[in-house]
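Coordinate inspection notes
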Amino acid sequence: MTPLQEIWVYLAERPLFALTLTLATWLGAQWIFERSGGRAWANPVLLSVLVLSVFLLASRTEYATYFEGAQFIHFLLGPATVALAIPLYHQLGRIRRNAPAIAAGLATGSLLAVASTLILLALFGAGPLLLASLAPKSVTSPVAMALAEQLGGSPPLAAVHVILTGILGASFGPWLLDRLRIADEAARGLALGVAAHGIGTARALRESARCGAFAGLGMGLNALLTAAYLPLLGGLLSG
Amino acid sequence: MLAALAGLFACQLAGEFLVRALGLPLPGPVLGLLLLLLFLVLRGSVPKSLEVTANGLLRHLGLLFVPAGVGVITQLEPIAGAWPGLLVALVVSTGLALAGTGWLYARMAHRPKGRKA
């Protein structure tokens, strides 16, 4: 081994490397997103996950090794979720005025997400493990993992599809909503939060504080609603 | 700023504690969000430093999902085996949920008087 290789092997095992790499990739991805004028394919979460995944696979780095450094970023998800209370607080009046519309939009989106997932997967001949793991995929990952487990699915498989759903919704959701001529910031935010949980909320916050607040609301309410009705489908899935 | 950060952590901690103590089907941070919201409603305003700190964290919310997102590489095998069905289910169901929620909300929130929703 050359000295340079030795240094590389040493550094690649350090948490600081994974941490720096993740931050640098994010900054680069964000630069591309802004340069592209906010194109769907240039969503910074999509680009960052893609680049880092390819890098880890190509360099044969274990995910666990990477996560030792990346966990410091991951940890901030908790306090950031709590921080959503601030944009929500500023929109409380509007939320109260539009409570029926919020409830109707939430229930429709939540049921559409679960029902269409189950029907399509069944049409493709997927087994009960996939059905149970993917049913809660629009819901924020801690709740989705618990629900998947309760239904007899796999929590890690559920988590991955929650993330993929979030990336998909956050990247192409704004494009789809433009196509459907849904311009109302609250409507866009609620849709992104219900369909694409926290990653959709991150995208919504880039549109406006109001859009982000409604996304946070949609995310929280959909977690509650899905946790209430999905376990009732358990018998249906196993039967 | 440090006080604001401590406040956010404290809300999360209280949330995690209550979720476990009461067996609620919610993630701790989401209950923490509700606790902070309750505090803000009772107080009637947002402390300046909390506003600044929260905005700082939320400006890069997307970044915080990247480490979990890279976890996709741990599940490549089950995905590879069923990818056509998974892809169709992900794309169609996410699209339907977005369209259904957005369309119905926009329709119901815009009342005849032309008030902006």
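A quick note: this is a predicted structure, and the numbers were derived from the prediction, not measured.

Parameters at a glance
Counting restarts for each chain: residues are numbered from 1 in the order of the written sequence. Numbering of ligands from 1 and lettering of chains from A proceed in the order in which they are written. Totals for whole chains, interfaces and linings use every residue, but because this is a predicted model, local features are given only for residues with pLDDT of at least 70 and side-chain atom pairs only at 80 or more, for both listing and counting. Helix numbers and strand numbers start at the N terminus; a helix is a DSSP run of H or I with at least 4 residues, a strand a run of E with at least 2. The globule rule used for comparison is 2.2 Å times the number of residues to the exponent 0.38, while the radius of gyration itself is calculated over C-alpha atoms. Three exposure classes are used, based on other C-beta atoms lying within 10 Å of a residue's own C-beta, which is placed from the backbone: buried for 20 or more, exposed for 12 or fewer, and partly exposed in between. Each residue is represented by a C-beta atom placed from its backbone, and any two residues with such atoms within 7 Å are regarded as in contact. Here a nonpolar core is just a set of buried residues of the types Ala, Val, Leu, Ile, Met, Phe, Trp, Tyr and Cys, joined wherever their C-beta atoms sit within 7 Å. Domain delimitation follows an automatic or database domain assignment. An expected span of 1.5 Å times one less than the residue number is assigned to each helix. By arc we mean the arc of the directions from the helix axis to the C-beta atoms, nothing more. All axes are obtained by fitting lines to C-alpha atoms, using only the stretch in contact for helices, and the reported angles, taken between N-to-C directions, cover 0 to 180 degrees. Relative orientations are named as follows: roughly parallel for angles under 35 degrees, roughly antiparallel for angles over 145 degrees, roughly perpendicular for angles from 65 to 115 degrees, and oblique for any other angle. Should the near helix be turned anticlockwise from the far one by less than a right angle, the crossing is left-handed, and should it be turned clockwise, the crossing is right-handed. Note on residue categories: nonpolar means Ala, Val, Leu, Ile, Met, Phe, Trp, Tyr, Cys or Pro, charged means Asp, Glu, Lys or Arg, and polar means any other residue, Gly included.

A closer look at the overall build of chain B
Counting secondary structure elements, chain B contains 7 helices and 0 strands. In chain B, the order of α-helices and β-strands from amino to carboxyl end is α-α-α-α-α-α-α. Computed over its C-alpha atoms, the radius of gyration of chain B comes to 20 Å, more than 25% above the 13 Å expected for a compact globule of 117 residues. Looking at chain B as a whole, 43% of its 117 residues qualify as buried. For chain B, the proportion of contacts with a sequence separation of at least 24, taken over those separated by at least 6, is 33%.

Details of the overall build of chain A
Tallying secondary structure elements over chain A gives 14 helices and 0 strands in all. In chain A, the succession of helices and strands from N to C terminus is α-α-α-α-α-α-α-α-α-α-α-α-α-α. Among the 239 residues that make up chain A, the fraction classed as buried is 52%. Long-range pairs, those at least 24 residues apart, make up 61% of the contacts in chain A with a sequence separation of at least 6.

Observations regarding the nonpolar core
Ala83 and Leu190 of chain A are the most contacted members of the largest nonpolar core, which totals 108 residues. Those residues in contact with Ala83 of chain A that lie beyond four places of it in its chain are Leu8, Ala54, Leu57 and Leu58 of chain B.

Considerations on the domain arrangement of chain B
Under the domain assignment used here, chain B contains domain 1 (1-64) and domain 2 (77-117). Centre-to-centre, using C-alpha coordinates, domain 1 of chain B lies 28 Å away from domain 2 of chain B.

A few points about helix α3 (residues 48-59) of chain B
Taking 1.5 Å per residue, 12 residues should reach 16 Å; α3 of chain B reaches 17 Å between its end C-alpha atoms and fits that length. Residues Leu50, Thr53, Ala54, Leu57 and Leu58 of chain B constitute the buried set of α3 of chain B. On an axial view of α3 of chain B, the arc spanned by its buried residues comes to 125°, and they lie on one face. The elements touched by buried residues of α3 of chain B are α5 (77-83), α6 (85-90), α12 (185-207) and α13 (209-229) of chain A together with α1 (2-22) and α4 (61-64) of chain B.

Details of the packing of helix α2 (residues 15-35) of chain A against helix α4 (residues 63-75) of chain A
Residues and elements named next belong to chain A. Close contact between α2 and α4 brings their axes to 7 Å; oriented N to C, the two are set at 55°. It follows from the interaxial angle that α2 and α4 lie oblique. For the crossing formed where α2 meets α4, the hand is right-handed. Contacts between α2 and α4 pair Pro15, Leu16, Phe17, Ala18, Leu19 and Thr22 from the former with Tyr66, Glu68, Gly69, Ala70, Phe72 and Ile73 from the latter. Looking at side-chain class alone, the contact of α2 with α4 contains 9 nonpolar, 2 polar and 1 charged residues.

Some points on the interface of chain B and chain A
A common way to report how large an interface is uses the accessible area buried once the components associate. With 62 residues of chain B in contact, the opposing surface of chain A contributes 91 residues. Of all the secondary-structure elements, those providing two or more residues to the side of chain B that touches chain A are α1, α2 (28-43), α3, α4, α5 (66-70) and α7 (83-109) of chain B. In terms of residues, the side of chain B that touches chain A owes the most to one element, α7 of chain B, which gives 23 residues. For the side of chain B that touches chain A, the residue count by class is 47 nonpolar, 14 polar and 1 charged.

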